[in-house]
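The primary structure of each chain is shown beneath.
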Amino acid sequence: VWFHKPVVNEELLQSLPNLKIVASAGVGIDHLDLRLLASYGVKVSNTPSAVTTATADLAMALMLASSRRLVEGYQMAVSPGTEYFPANWLGAEVSGATLGIVGMGAIGYKVAERAKAFEMKILYHNRNRRNKEEESAVGAVYCKKMDDLLQQSDFILLAVTLTPQTHKLVGRRELELMKHTATLINISRGLVVDQDALVEALQNKVIKAAALDVTYPEPLPRDHPLLSLENVLVTPHIGSATRKARRLMMENMMESIQAGLTGLPIPNEVL
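Residues numbered from 1 in each chain as written. Predicted model: local features only at pLDDT ≥ 70, side-chain atom pairs only at ≥ 80, totals over all residues. Heavy atoms only, no water.

- An unreviewed UniProt entry lists the protein under the name Glyoxylate reductase/hydroxypyruvate reductase, from Aegotheles bennettii.
- Recorded under Sequence similarities (unreviewed entry), the UniProt text for the protein is reproduced unchanged: "Belongs to the D-isomer specific 2-hydroxyacid dehydrogenase family." (UniProt positions renumbered as here; feature names shortened; annotations may be inferred.)

In structure tokens:
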């Protein structure tokens, strides 16, 4: 399954009686009905380790590009109407700021490693607390309540999987808890955020900015308000879009398929 295609539904499963495994590219499995697949005796795998480095790099790129207003700056620099660069055109510094990571899995932790090099104060909220050695290695402080993280962070990174529990995890209430100077960065799934509430928060300056690699739907309708706001940076779901990561994803999928067909333990099997 690449880019959620083909759609794995009951019709497809009934047409493939000998199907043994569905190998899905990437980390997210919200597009697959695991109970349905299990009822047909079909195993599932994904490629989590293949995407961690590339996606963590993109998270930092989004944070830096948003804070330093790179897209706006580029447009100013190349605009035919630009006659001078205003001295009061300013961004915000990432170095020394507080980063709140919601979802400290493999990708979230990789981001923390990078953020440490920027001397950022790192807070995190996760279903399970990491051990003290892992926290100490990146200087991360655990927030049992996500609200505490939201209230203290200058940048909030969403790096969770999409589940019924994380659907619209960040809505109007959560946005209002954030600093007015905060930036929301989403590299997980668009539905983790209440998008209508986010538009309102950005328009009314409840928060400062948003940097989104994911939205719903994808792509957004061309007249969607998120696409016209100056304080929003949107990229086309390119967290894993490097040649190295995509090749590794395909290799991981092939390894799982071969194992599934020969009855061997399946690497990265989703249970």
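On we go from here.
## A short note on the domain arrangement of the protein
Argument step 1. Examined at the domain level, the protein breaks down into domain 1 (10-49 + 242-262) and domain 2 (52-77 + 91-234).
Argument step 2. The partner domain 2 presents four residues to the six residues of domain 1 that form the contact.
Argument step 3. The junction of domain 1 with domain 2 conceals about 450 Å² of combined surface from both sides, 55% of it contributed by carbon and sulfur atoms.
Argument step 4. A per-residue breakdown of the area domain 1 buries against domain 2 is headed by Val27, Asp30 and Ser49, which together make up 61% of the total. (Domains from an automatic or database assignment. Contact = heavy atoms within 4.5 Å. Buried area = accessible area lost by both parts, 1.4 Å probe.)

## Here we look at unusual backbone geometry
A negative phi angle characterises most non-glycine residues, just as the trans form characterises most peptide bonds.
Argument step 1. Here the bond from Lys5 into Pro6 is cis, since omega is 0 degrees, no more than 30 degrees from zero.
Argument step 2. Take Pro6: it is sitting in the segment before α1 (10-15).
Argument step 3. Between Tyr216 and Pro217 the backbone carries a cis peptide bond, its omega angle lying at -5 degrees.
Argument step 4. Mapped onto the elements, Pro217 comes out in the loop between β8 (209-212) and β9 (232-234).
Argument step 5. Although it is not a glycine, Lys168 adopts a positive phi angle of roughly 50 degrees.
Argument step 6. In this fold, Lys168 is placed in the loop between β6 (155-158) and α8 (172-177).
Argument step 7. Under the relative-accessibility criterion, Lys168 is labelled partly exposed at 38%.
Argument step 8. Even without being a glycine, Asn268 presents a positive backbone phi close to 60 degrees.
Argument step 9. Relative to the helices and strands, Asn268 is located in the segment after α10 (243-262). (Helix = DSSP H or I, 4+ residues; strand = E, 2+ residues; numbered from the N terminus. Buried < 20%, exposed > 50% of the residue type's maximum accessible area, 1.4 Å probe, protein only.)

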